[in-house]
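Overview (structure and organization)
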Amino acid sequence: MASGGYGRGGRGQLLLQALQQPARKPGDNGQEQRAEGQSTQAPAPSKAAAPLGRGAVLANLLNKQPTPQPPAPGGDPQAARAVPRPMGRGLASMQALLQSTCQSLPQSTARGAAFMQEASQVARQPVAPPPSQVTLPSRSPPQQSSPQAQGEGTSAPPTSRLAEMSLNREDRVEMHGKDGTPLRLSANHIRIKCNNPGVYQYHVDFRPNIDSKGMRIRLVNEHRDVIGFAKAFDGSILFLPIKLPQPETILHSIRNTDNTPVTIIIRLTKVLPPESCHQLYNIVFRRIMSILSMVQVGRYFYNPNTPSVVPQHRLEVWPGYITAVSEQEGGLMLLADASHRVLTTETVLDKMQTMVQRNPQGFRDDVIRQLIGTVVLTRYNNKTYRVDDIIWNQNPQHTFSTASGGEMSFIEYYKKSYNLDIQDYEQPLLMHRPKRKQEPGGRTSKIETILLVPELCYMSGLTDALRQDFRVMKDLAHHTRVTPEQRKLTMMKFMQSVNGNPDARKELENWGLQLDNDILEFDGRQLPQEDIVFYNKIVKSGPTADWGRAATSENVITAVALRNWVVIYTRRDQTKANDYISTTLKVAPQMGIECSQPIRFELKDDRVETYIRALREHINPTLQVIVAICPTSRDDRYSAIKKTCCVDNPIPSQVIIGKTIGDPKKLRSVVQKIALQINCKLGGELWGVSIPLKHLMVVGIDIYHDSAAKKQSICGFVASMNKNCTRWFSRCKVQPVSQELVDGLKFCLVSALTKFHETNHFLPEKIVVFRDGVGDGQLNTVADYEVDQLKSTFSHFGEEYCPKMSVVIVQKRINTRIFCHKGRQLDNPPSGTVVDHSITRRDRYDYFLVSQHVRQGTVSPTHYIVVSDDTGMKPDHMQRLTYKMTHLYYNWPGTVRVPAPCQYAHKLAQLVGQNIHKEPSESLSDRLFFL
C-alpha cells in the first residue's frame, strides 16, 4: 500500500494518523497525559506524506499555502504541526482562501479564482428540478463579464451564467437515399417561425414552502404585472417568453387561507432555443383550441356545434383537429390533421333498457359485459369517463357529502348545477375510478370515485358490433374518409381560424410564434415497381401494386398436394359444402395444386361440443388439413376449433362461415383464395420477389394485449427460412400483464436460428428485425433492452458467430399524411413513395414509406425508425428491402401497410390472444397455420 493521503479530500490520511494515536480513556481531553517518571521519549520521526485533497492542490497552485515538509532530523516536531492541514472539500475554507488571494493575484489568475468562487456559490444554491421535456442547448453565445468584474475578481450572478450555458445537442442524422423517380410531395405539416430568441426557464421557490400546486399557481398569478400574461407554470418550473430584468426576482404575496406572508423567489436557470420547446408549444396550441371553442374529447379537440348526423344508425360525427408541435429535420413543425369523433345519440339508459327487453332474466350480465370498459360522454360538461363498475344498489335519489359539509342528492345536484331534470329515479349509477396522480414529494393523490347517471351519459366511439356492420361503416365513411384535397382545405381553415381570432393570434404573438401560410412542400421518390415471381412466370406488380389475377391463374412457387383432408359441416350447409368441394377440385389445379376428394362428415347439430367431438375423431397423423364449415359466426365455436387444432391436436385447420360460400356469383373467387390459404398452411409458397442479399434472415415481432385472459400480452415472432423469404418460422410467447417489451426474444431467436441452420446448413450473416407496436416513449428502451437481448443470442452458436444486425421500429398508427401534387390538385402518392428528409426526425435514422394503394380517403404512410444498424446497408438498400417485404403477405395479392413478417407476427399474436390463449404446438411452427 502506497503511503500518503487517501480519498479526494485527504480524509484517509487524517484517519490513519488518528489510528496511530494511543487509545483514549474516559475523561481524557485528547492530549497525551503521562505520569511522572514515565518515559517521554518521542517516537522516531517518519517521512510525512504530501496531503492530497482539492483544497491543498488549489492552495499549491495559487502559491498561497506552502506544502508541508517533514521535520528535519532533530528539529522541532511542532514546526511540522504548524503547517495547515489539507482542506479537503470544505467550501468555507476554499472561499476564505480565494477571497484572501484574489486581490493580490494577476488579472488572469484572479479571474479564474473568481469563477471558482462563483461555482462554490452555485453549488450551495438549491438545484431546480428538471423540466418536463428534454432540455436542448441555447444557441446564443455566453455573455462576457464586464471589465470591472475582471479587474476586481467578481463576475455576473451565477444564475445568469448558467442560463447562458450551451449544452451539447445530439448530432443531426442525415440518411438519405437516391434511388427512384422524383416526386413533388406535401405533408400535413406547417412550418413554425419563432421571432423570439427562445424561452426563458425559471425555478420558483416559496418561503415558507407551499405543498399545494393550486396555491402556488394562484400566488404566482398575482404578479402578472411582473411576469406578464404569457406563461407556463407547473408549480416549480416557470417558462416565460420574456427575460425578467434581474436574474433573481423576489416577490411578496399573502396566502389568503391564513394571511401568512409568502416570499416568491424566481431564478433564471437557462434559455431554451425554440427547437427544444415543442412540448411547451403544444400547451400553447391546447390553449388556442380552447380559445376557438373546441372541446377536448379524449386526446384531441372537436367542435360540438357542427356535428354531422347519421340518423339511420342514431350516430353523429363531431369534426375536429389533431395538432402536435415537434422538431423535424426541416425545423420546427406543426402537424395538423382532420379528426372525427363518433357519438351515439342514445343514452346509456336507453341501451340498458334495450338489454332488459331482450333478456329480462340475465340483463345484468349483458349490461356488465357491454358497458364496463367503454368510454361515455357527458354532454353537460363535454367530458369523457371510462365505466369501471355499475352500482346496482344506488340510484339518483341517493345523497353525497358536499364541500360545505351538507348532503345533496344527484337529482338536486344536476338541477342546481346544470338545470337538468332526471326522469328515471330508479336507474343504477355508473362508477368511474380516476387514475392515481403523483403529487410533489412522491406522494400519491387520494382517489375519489365519480358516480354518473346513465340517463345523462352517451356512448362514445364505435363498438365491435358497429364495426362489424358493413352498412354502418359505409354510411360513416361518407363523413370520415377525407380526400387529400379536403385535408388541405381543413388545415387551411384551421390556420385561418387561428389568424382570424384576435385572442388566438395574440396567444401566438406573446410567445413569438408565427404559422406559415401554406402546408410544407418537399421532394420525394417513388421506388421502382417490383417483379412478382411465380413458378414459371414473372409479372409486374403494376402501378396499383395488385397482382390478384395472376395469383389465381399462375402456378404457385411451391404447391403441396391436397390428398388427405376432411370437410366437416352441418346438415343445413350440405349444399354449400358440396359446391365448395366441387369448386375447389376445379380451381386448385389451375394454380398448380393437386387436389383429391376429401372425407365428408355431416354433423347432427352446430353445438360446440359436436364440432370438437368430430375433430378428435378424424384427426390422425396422416391427415393434412381439416376444413370446418360453420353456419354462423360465433367466437366461442371458432375459439374451440382453433384451440383443438393448434394446441390439443396440432393440425392445420380452415374455418369457413356458410355465408362466405353461399353466393354462387362469388363462390369461385372465394374458393380460390381459400385454396391459396390452405396451401400456405401446409407449408407451400405462393409468390416471391427478387432479394439480392445473401445469407439474410428477416424477422418480424409484434405484441397483442389480451383483454380477455387476464390481460396477458402475447408476443408473435416470425422469421424467414430461405433466400427469397417465402418460407417462415413462427414462435409465440405469453408475457405478464400489459408488458410491451419482450422478455422471450432470446428464446425465440435461438429457435429460429436453429431451424435456419437445419434448413440451409449455415447460419445467416445479416439479420434485419422489424419490430412493430412501439411508441415514441419506448424507442430508447427498445434500442437498449431488446437489441442487447437479441445480440446476446449469438453466443449460443459459438464465440466466432457474430452476424450483422439491424433493428427497425415500425409505426403505423401515426397522424402524418403525405400528398402528391398532380397539377393544381393533391392526390394520394403512388405505391412505393418514400420520404427520408424534411418531415423525418432530426436525431433519428428514419423514413416514411407508402407501400399500399388506396382508392378512397387518404393513404396512411408507415414510419420506420432504425434504432440499431451495423449491417452496412445504405439507406437505399434498407428502403428497398422494406418495400419488398410488403409484397410477401400471402393473405392479399398486393402490397400491405407493414412488412410481411410484421403482419404475420400480428396475425399469430392476435390468434393466440383472442382465441386459444395458449402457446401453439411447436410442430406447426414451420407453417403459416395462423393465416
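Residues numbered from 1 in each chain as written. Predicted model: local features only at pLDDT ≥ 70, side-chain atom pairs only at ≥ 80, totals over all residues. Heavy atoms only, no water.

Confidence in the prediction of the protein, expressed as mean pLDDT, is 81, and 79% of residues score 70 or more. Note that pLDDT drops below 50 for residues 61-89; the model gives that stretch 38 contacts with residues more than four away or on any other chain. Note on residues 101-168: pLDDT is under 50 here. Beyond four places in sequence and across chains, it has 95 contacts. (pLDDT = per-residue confidence, 0-100. Contact = heavy atoms within 4.5 Å.)

Before going further, it helps to spend a moment on the sheet that holds strand S15 (residues 389-391). The strand order S15-S18-S19 describes an open sheet built from three strands, whose pairing is antiparallel. Looking at strand neighbours, the two that pair on one side only are S15 and strand S19 (450-452), the edges of this open sheet. Ignoring which end each strand starts from, the neighbouring axes of this sheet average 35° apart. (Pairing = 2+ DSSP bridges. Helix = DSSP H or I, 4+ residues; strand = E, 2+ residues; numbered from the N terminus. Axes fitted to C-alpha atoms, helices over the stretch in contact; angles between N-to-C directions.)

Judged by nonpolar contacts, the single largest core of 81 residues is most densely connected at Tyr580, Trp687, Met885 and Tyr904. Of all the elements, helix H26 (residues 900-916) adds the most residues to this core, at nine residues. Non-local contacts of tyrosine 580, meaning those with residues more than four positions away in its chain, are made with Trp565, Val627, Ile629, Ile656, Ile661, Val671, Ile674 and Ile678. Grouped together as the second largest cluster of nonpolar side chains are 35 residues, Ile288, Met289, Phe494 and Trp511 included. (Core = buried A, V, L, I, M, F, W, Y, C linked by side-chain atoms within 4.5 Å. Buried < 20%, exposed > 50% of the residue type's maximum accessible area, 1.4 Å probe, protein only.)

Residue position: glycine 775 is located in the loop between strand S32 (766-772) and helix H24 (779-791). For the pair formed by glycine 775 and glutamine 811, sequence separation is 36 residues and the distance between their alpha carbons is 7.3 Å.

Mapped onto the secondary structure, proline 274 falls in the loop between strand S7 (260-272) and helix H10 (278-291). The exposure class of proline 274 is buried, given its relative accessible area of 13%. On a C-alpha basis, the gap between proline 274 and leucine 332 in space is 7.8 Å, while along the polypeptide they are 58 residues apart. Residues within four places of proline 274 in sequence aside, it is in contact with Cys194, Asn196, Pro197, Gly198, Tyr281 and Leu332.

Right, let's talk about the packing of H10 against helix H17 (residues 502-510) for a bit. For the pair H10 and H17, the least separation of the axes is 9 Å and the interaxial angle reads 170°. On the basis of the axis angle, H10 is roughly antiparallel to H17. Residues Val284, Phe285, Arg287, Ile288 and Ile291 of H10 form the contact with H17, whose participating residues are Asp503, Ala504, Glu507 and Leu508. Along the lines of polarity and charge, the residues of the contact of H10 with H17 split into six nonpolar, no polar and three charged. (Parallel < 35°, antiparallel > 145°, perpendicular 65-115°, else oblique. Nonpolar A, V, L, I, M, F, W, Y, C, P; charged D, E, K, R; others polar.)

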